[in-house]
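Per-entry structural report
As a plain string of letters, each chain reads:
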Amino acid sequence: MVGNIEVMAPSLYSNGAISNANGLEEKLDEFRRILGKSDGDLLKIVGVGAGAWGSVFAALLQDTYGRFRDKIQIRIWRRAGRCVDRETAKLLFEVINSREDVLRRLIRRCAYLKYVEARLGDRVLYADEILKDGFCLNMIDTPLSPMKVVTNLQEAVWDADIVVNGVPSTETREVFEEISKYWKERINPPIIVSLSKGIEAALDPVPHIITPTQMISRATGVPVENILYLGGPNIASEIYNKEYANARICGTEKWRIPLAKFLRQPHFTVWDNSDLVTHEVMGGLKNVYAIGAGMVAALTNESATSKSVYFAHCTSEMIFITHLLTKEPEKLAGPLLADTYVTLLKGRNAWYGQMIAKGQLSLDMGDSISGKGMIQGVSAVGAFFELLSQSSLSVLHPNENKPVAPVELCPILKTLYKILIKREQDPRAILQALRDENLNDPRERIEIAQSHAFYKPSLLGQP
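Residues numbered from 1 in each chain as written. Predicted model: local features only at pLDDT ≥ 70, side-chain atom pairs only at ≥ 80, totals over all residues. Heavy atoms only, no water.

Here the focus is the overall build of the protein. Helix and strand counts for the protein stand at 19 helices and 14 strands. For 463 residues, the compact-globule formula gives about 23 Å, and the C-alpha radius of gyration of the protein, at 23 Å, lands near that figure. Judged by the C-alpha coordinates and their principal axes, the protein covers about 70 × 50 × 40 Å. Burial statistics for the protein: of 463 residues in total, 56% are counted as buried. For the protein, restricting intrachain contacts to residue pairs at least 6 apart in sequence, the fraction spanning at least 24 positions comes to 72%. Working note: accessible area of the protein is about 19900 Å², and carbon and sulfur atoms make up 48% of it. (Helix = DSSP H or I, 4+ residues; strand = E, 2+ residues; numbered from the N terminus. Rg over C-alpha atoms; globule rule 2.2 N^0.38 Å. Buried < 20%, exposed > 50% of the residue type's maximum accessible area, 1.4 Å probe, protein only. Contact = heavy atoms within 4.5 Å. Areas by Shrake-Rupley, 256 points an atom, 1.4 Å probe, with all protein chains shown as cover.)

So this is what it looks like as structure tokens:
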């Protein structure tokens, strides 16, 4: 099912920000020239997956460039058939009636009545249906611009120039293996921008990490130089509400530089960087420790002291792990800490840790949570633990003076694995780990990482 796009006023974003239409059109024309688009040939961009960040990304493009309908087409794909439950329908109705601009828009589009009926329980709404009106199921309280929604994956991607991967890392391989069936006749490969944060562990022929961009390349045959990663320290709803934010688009120079310019907005700075895989892995690593931070916050009634103790230990573990993954880890310190900080403040992984510790969620409910989407930190805990448990990656233990698997120097990661994956301990174990009198000073872990040659290039598939 394909929805309609509401025509916006030429000089006004849907959420109130004034734009320079002439400057935007020049930027669009320049990007079209780089891609070799001729007059009358639409630049076709499609978002695959409609989680919070994927939906916001598509909506930002729609707000910025959607008015130039003779030059660009922006669509988003999501699976059909997902019902909106009654409680969410009630919340959605409240959100609509609290925003006069949204209320008027729906009435003008003759779309308001269905939300009244859903509130009364007289009809069922579907996620793709409400997305067409600008409501993301994982972010109901932040209305977006109306979008063109496609539920047929082949229709969405077969002739797209740019595909934006917004599905979780745990679903990326499956979705792009299906997409590959529709690209067999393509002459020129598309550009793919992945927003997904997460990793998988592989042990053969040597222990190594598989990232979403690597999954995409292997599933589709699209060359790595056409696949990029975009991420940064941000919360999707705040970006859409014009809070200042920044991100990095990582990949080959050929595409990252023009894409950074095309995506950049006054409130959203996009830098470019060549280090694709490492930034991608760091985006998954911070989700691991965000879950633990949520647990500590809930178990200590938001104790600032306890949270700071946890932060010291988790950041020292992350710094230690980055020394295993990259030759120049100091270049990642700022981006990693910034992304970690915002995730601890307001991210879904920290929220999940809180809900688990409070008993308001159960591990038996899985890691796909209604109203939040996929909690990617859970699978990342398992992947990082599995990798760092391999004896072939052994490092010298500073106190015992013997080789140990790297995970033995990461007590927080070990505890999270026992809580979330093995389910051998309850969330209170995270506090016990912090209070262990044998726990090393986190400063020592950092010094160990900085003073030893721990770099393991094979972890990222490098010789």
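The rest of the description comes next.
Let's shift gears to the UniProt feature "domain: Glycerol-3-phosphate dehydrogenase NAD-dependent C-terminal" (unreviewed entry) in the protein. As recorded in UniProt, the feature "domain: Glycerol-3-phosphate dehydrogenase NAD-dependent C-terminal" (unreviewed entry) lies at residues 275-429. Helix makes up 61% of residues 275-429 and strand 5%, and the two end C-alpha atoms of the span are 36 Å apart. (UniProt positions renumbered as here; feature names shortened; annotations may be inferred.)

Once that is clear, we can look at the nonpolar core. Counting residues in each nonpolar core, the largest one holds 63 residues, and the members touching the most others are Y289, Y310, Y352 and F384. Among the elements that take part in this core, helix α12 (residues 276-299) stands out by supplying 12 residues, more than any other. Setting aside chain neighbours within four positions, we find Y352 in contact with I291, L361, L363, G366, I369, I375, V378 and L420. With 45 residues, the next largest nonpolar core counts L28, A58, I74 and M139 among its residues. (Core = buried A, V, L, I, M, F, W, Y, C linked by side-chain atoms within 4.5 Å.)

Here Q432 shows up in helix α18 (residues 429-434). In the structure, Q432 is positioned 17 residues away from T415 in sequence and 9.3 Å away in space, judged by C-alpha atoms.

Our focus in this paragraph is empty space enclosed by the protein. Counting across every chain of the model gives 5 cavities of 30 Å³ or more. Lining the largest cavity are F57, L60, L61, L263, Q265 and F268. With 3 residues, the top contributor of residues to the lining of the largest cavity is helix α2 (residues 52-65). Residue composition of the lining of the largest cavity, grouped by class: 5 nonpolar, 1 polar and no charged. (1 Å grid on protein atoms, 1.4 Å probe; cavity = no way out; pocket = protein on both sides within 12 Å on 5 of 7 lines; lining within 4 Å. Points joined across faces, edges and corners; volume = space filled by probe spheres on them. Nonpolar A, V, L, I, M, F, W, Y, C, P; charged D, E, K, R; others polar.)

The buried fraction of strand β9 (residues 245-250) is high, at 5 of 6 residues. In this structure, β9 lies alongside strand β10 (residues 268-273), joined through 6 bridges in parallel fashion. Bridging from a neighbouring strand, C250 pairs with N273 of β10. Assessed by its sense of winding, the connection that carries the chain from β9 through helix α11 (residues 253-263) to β10 is right-handed. (Pairing = 2+ DSSP bridges. Right-handed = clockwise from strand over helix to strand, strands pointing away.)

Our next topic: the pairing of strand β2 (residues 72-77). In terms of burial, β2 is a largely internal element, 6 of the 6 residues being buried. Following the backbone out of strand β1 (residues 43-48), through α2 and into the adjacent parallel β2, one traces a crossover that is right-handed.

Sheet architecture is open: 8 strands sit in the order β3-β2-β1-β4-β5-β8-β9-β10, paired in mixed fashion. Looking at the sheet topology across the chains shown, the edges are occupied by β3 (148-150) and β10. Direction aside, the axes of adjacent strands within the sheet are offset by 25 degrees on average. Note that β2 and β3 share 3 bridges and pair parallel. Its bridge partner lying in β3, W77 is registered against V150. Across the sheet, α2 lies against β1, β2, β4 (162-165), β8 (227-231) and β10, angled at about 160 degrees from β2, the strand it touches most. (Axes fitted to C-alpha atoms, helices over the stretch in contact; angles between N-to-C directions.)

Any space left empty among the atoms is revealed by the rolling of a water-sized probe across them. As a volume, the second largest pocket reaches approximately 450 Å³. Among the secondary structure elements, those contributing two or more residues to the lining of the second largest pocket are α17 (411-420), α18 and α19 (442-451). No other element matches the 4 residues that α17 contributes to the lining of the second largest pocket. Broken down by class, the residue content of the lining of the second largest pocket amounts to 8 nonpolar, 7 polar and 6 charged.

Attention shifts here to the environment of T170. If you trace the backbone, T170 turns up in helix α8 (residues 169-181). A C-alpha to C-alpha distance of 21 Å links T170 and I235, two positions 65 residues apart in sequence. Setting aside residues no more than four positions away along its own chain, T170 makes contact with M374 and S379.

Attention now goes to the packing of α12 against helix α16 (residues 376-388). At their nearest, the axes of α12 and α16 sit 8 Å apart, and the two run at 105 degrees to each other. When the axes of α12 and α16 are compared, the pair comes out roughly perpendicular. Of the residues in α16, those touching α12 at V281, G284, L285, N287, V288 and I291 are Q376, G377, V378, A380, V381 and F384. Looking at the contact of α12 with α16 residue by residue, the classes come out as 8 nonpolar, 4 polar and no charged. (Parallel < 35°, antiparallel > 145°, perpendicular 65-115°, else oblique.)

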